[in-house]
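Residue-level listing of the chains:
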Amino acid sequence: MQYANYAAFHSCIADLIDTPEVQAMCDIPQHADISCFGHSVFVAYLSFRICRRLGWDYRAAARGGLLHDLFLYDWRVKGSHTGPHGFTHPRAALENASQLCELTDVEKDIILKHMWPLTPFSFYRYKESLAVSCADKICAFAEAFHIFHRMYFDHRLGLCQRAYLRARRKAMPAL
Ligand SMILES: [Fe+2]
Ligand SMILES: [Fe+2]
């Protein structure tokens, strides 16, 4: 079952995960010793699992979760961005994500609203946005307090990729 979850998760994000924009998050620190990429994969997977369990749009949750912090700058570096990062980065992430791929309305809402209640005037329009926003806070807490180490995310992503490739091989007709 776990393996099936990994394969389903990776199939949701397969066209995004290796793009230069998403991979660029590997070089951007997020919480503690976790990169923005590691954080985003963790948020995407947890959101995917929550929404799949509840019968919600898990594909949007996985994709929106992966792209929710695609702001692509190191917020600790002075001059890397304008305005307070906590308030402005959802819009920067949405602009970058919109250039990367076609976004559904749910995915747009997920990215734009994930910092609520820090952005009090932008409340969730979809239940999947609530799920990703909660997952974001849980993951940030786990990362900041070293509950999950970066290797854990790398390992999990590796499992996802292997499960996805295995599922694809099975689905391909024999030559
Ligand atoms: Fe964020
Ligand atoms: Fe985040």
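Residues numbered from 1 in each chain as written. Chains lettered and ligands numbered in written order. Predicted model: local features only at pLDDT ≥ 70, side-chain atom pairs only at ≥ 80, totals over all residues. Heavy atoms only, no water.

Scanning the entire structure with this criterion turns up 10 aromatic pairs. Ring centres 4.9 Å apart and planes at 45° place the aromatic pair Phe71 and Tyr73 in the tilted group. For the pair Phe71 and Tyr73, a shared accessibility class is recorded, and that class is buried. Following the ring pairs from residue to residue traces out a cluster consisting of Tyr6, Phe9, Tyr45, Phe48 and Tyr58. For the cation-ring pair, Arg52 lies above Tyr58, with the distance from its terminal atom to the ring centre recorded as 5.3 Å. (Phe/Tyr/Trp six-rings, centres within 6.5 Å; stacked < 30°, edge-to-face > 60°. Buried < 20%, exposed > 50% of the residue type's maximum accessible area, 1.4 Å probe, protein only. Lys NZ or Arg CZ within 6 Å of the ring centre and 35° of its normal.)

A full pass over the atoms with the stated rule returns three salt bridges. The residue Glu107 makes a salt bridge to Arg63 at a minimum N-O spacing of 3.6 Å. Here Glu107, found in helix α6 (residues 105-113), pairs with Arg63, found in helix α4 (residues 58-67); they are 44 residues apart in sequence, far enough to count as distant. Here Asp109 makes a salt bridge to Lys113, at a shortest N to O gap of 2.5 Å. (Salt bridge = Lys/Arg side-chain N within 4 Å of Asp/Glu carboxyl O. Helix = DSSP H or I, 4+ residues; strand = E, 2+ residues; numbered from the N terminus.)

Attention now goes to the coordination of the iron ion (ligand 1). Coordination sphere of the iron ion (ligand 1), protein contribution only: Asp69 (OD), His89 (NE2) and His114 (NE2), at 2.1 Å. Mapped onto the sequence, the residues coordinating the iron ion (ligand 1) show the spacing D-x19-H-x24-H. The metal-metal distance between the iron ion (ligand 1) and the iron ion (ligand 2) is 3.5 Å, with Asp69 serving as a donor to both. Taken together, the positions of Asp69 in the loop between α4 and α5 (85-100) and His114 in the loop between α6 and α7 (127-144) put the pair 45 residues apart, joining distant regions of the chain. The class for Asp69 is buried, based on a relative accessible area of 2%. On the basis of relative accessibility, which here comes to 0%, the residue His114 falls in the buried class. (Donors = N, O, S within 2.8 Å, 3.2 Å for Na, K, Ca; no water.)

This brings us to the side chain of Arg63. Given a relative accessible area of 5%, Arg63 falls into the buried group. Arg63 has contacts with Cys12, Ile13, Asp15, Leu16, Cys101 and Glu107, leaving out every residue within four places of it along the chain. (Contact = heavy atoms within 4.5 Å.)

Here Ile138 shows up in helix α7. Relative accessible area serves as the criterion here: at 48%, Ile138 is assigned to the partly exposed category. Separated by 95 residues in sequence, Ile138 and Val43 have C-alpha atoms that sit 8.4 Å apart.

Glancing now at the packing of α6 against α7. Remark: α6 packs on α7, axes separated minimally by 9 Å, with the N-to-C direction vectors making an angle of 40°. One finds that α6 runs oblique with respect to α7. Note on packing geometry: the crossing formed by α6 with α7 is right-handed. Where α6 abuts α7, its residues Val106, Asp109, Ile110 and Lys113 lie against Glu128, Ser129, Val132 and Ser133. Split by residue class, the contact of α6 with α7 holds three nonpolar, two polar and three charged. (Axes fitted to C-alpha atoms, helices over the stretch in contact; angles between N-to-C directions. Parallel < 35°, antiparallel > 145°, perpendicular 65-115°, else oblique. Left-handed = near helix turned anticlockwise from the far one by under 90°. Nonpolar A, V, L, I, M, F, W, Y, C, P; charged D, E, K, R; others polar.)

Limitation: the analysis is restricted to geometry and does not speak to function.
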